[in-house]
Amino acid sequence: MRKISVLAVAAVAFFGLTAVASAANSYKVNIAKVTPTKAGTKLAPKPIGIEFGFGVTSTVPNQRPSVTTDYVIGFGRNIRQNRAVWSSRNAVKPVVCTKVQAGYENGQTPSCPAGSIVGKGVVKNKAGLLGTTTVAADCSIALTLAIGDGKVVNPANNDGKRVKSDLILILEGGPNGVPGRPDAGTCPLTVNKSALAAEFQTVNGGAALAFHVKKEPFQQPQSGVENAVVDVTSKLGAKTVRVKKTVRVNGRNRTVFTTVGLLESVGCTGGGHQVKVKYVDTSNAVNFAQKNAPCRK
């Protein structure tokens, strides 16, 4: 979030307050849904969309939780990802958002092509003074997800952490909300469009999405102010791309086409895909929360 006078005014109002002792946090995954619920197989994978929601709260009412700096969101052992296909020469008309278009390396406003957009969500935050757990401002902002180019982001622009730009998380908000996004709510801060890079990893045999929340302008939107994400809801659509390949039939080469999903299910174990979130906070403490997304064979 960019520096803004509104939060500065709110912060001044809290000077003089004594610090509140840090309390335990409560972690939860409250939404886990995969569509369609009928699973594909390894031989016939099925493109799917996924909806998930997770958060962290303080066990002390009306206080901020500790700041989460890193997340890994696992979608389950039977969910696989195919982002690399979007950069394949065999992909037919793929659309991605490049690192330059994302703007997180050059400080520019993200300008991702419409065809690269794959989902949306809402991120709710609580901000206050460093050294306290009191809340000076509640902020709800819009999240837009785009398919990235898969290239590594310069660690110098990501608190020294290496991450690939497989998905781009674009954040935007303000006192009057975001045009066209009534779901996002409002924020006393003006959050100019800013982006985080997220990469796909393999966790417990399935697809997972990992990203780091940069210290500036997200963890600490301005000097002396700390911001904690408390709730995230997001939907990733069943984005697909046509892929061509050459096969040999009766001694001749033939070009055939198939459809590949960004996310695909290849089975259903125990009636659910395990959506599991790993949280790492500023003290490097690690916590987990999980919920099953129903599925059927």
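So, a few notes on the structure that sits alongside this text. (Residues numbered from 1 in each chain as written. Predicted model: local features only at pLDDT ≥ 70, side-chain atom pairs only at ≥ 80, totals over all residues. Heavy atoms only, no water.)

## Section: the sheet that holds strand 15 (residues 240–249)
- Here three strands make up an open sheet; going across it, the order is 6-15-16 and the pairing antiparallel. Where the open sheet ends on each side, the last strands, each with one partner, are strand 6 (91–92) and strand 16 (252–261).
- Note: strand 15 against strand 16, ten bridges, orientation antiparallel. By the bridge assignment for strand 16, Val241 is matched with Val260. (Pairing = 2+ DSSP bridges. Helix = DSSP H or I, 4+ residues; strand = E, 2+ residues; numbered from the N terminus.)

## Points about the side chain of Ser234
- In this structure, Ser234 sits in strand 14 (residues 225–236).
- Residues contacting Ser234, with those up to four places away along its chain left out, are Ile50, Glu51, Phe52, Lys120, Gly121, Leu143 and Leu145. (Contact = heavy atoms within 4.5 Å.)

## Let's talk about the nonpolar core
- Counting residues in hydrophobic clusters, the biggest one holds 51 residues, and the most contacted among them are Ile50, Phe54, Phe75, Leu167 and Leu236.
- Residues Cys112, Ala146, Val153 and Ile170 belong to the second largest nonpolar core, which totals eleven residues. (Core = buried A, V, L, I, M, F, W, Y, C linked by side-chain atoms within 4.5 Å. Buried < 20%, exposed > 50% of the residue type's maximum accessible area, 1.4 Å probe, protein only.)

## Notes on the pattern of salt bridges
- Applying the stated criterion across every chain yields a total of six salt bridges.
- Measuring nitrogen to oxygen at the nearest pair gives 2.8 Å for the salt bridge that ties Asp70 to Lys161. Here the residue Asp70 occupies a position in strand 4 (residues 68–74), and Lys161 occupies one in the loop between strand 9 (152–153) and strand 10 (163–164), the gap between them amounting to 91 residues.
- Put simply, Arg80 and Glu264 hold a salt bridge, and the shortest N to O gap is 3.1 Å. Of the two residues, Arg80 sits in strand 5 (residues 79–81) while Glu264 sits in strand 17 (residues 263–265), which places them 184 residues apart along the sequence.
- When its relative accessible area of 35% is taken as the criterion, Arg80 is described as partly exposed.
- Judged by its relative accessible area of 2%, Glu264 is buried. (Salt bridge = Lys/Arg side-chain N within 4 Å of Asp/Glu carboxyl O.)

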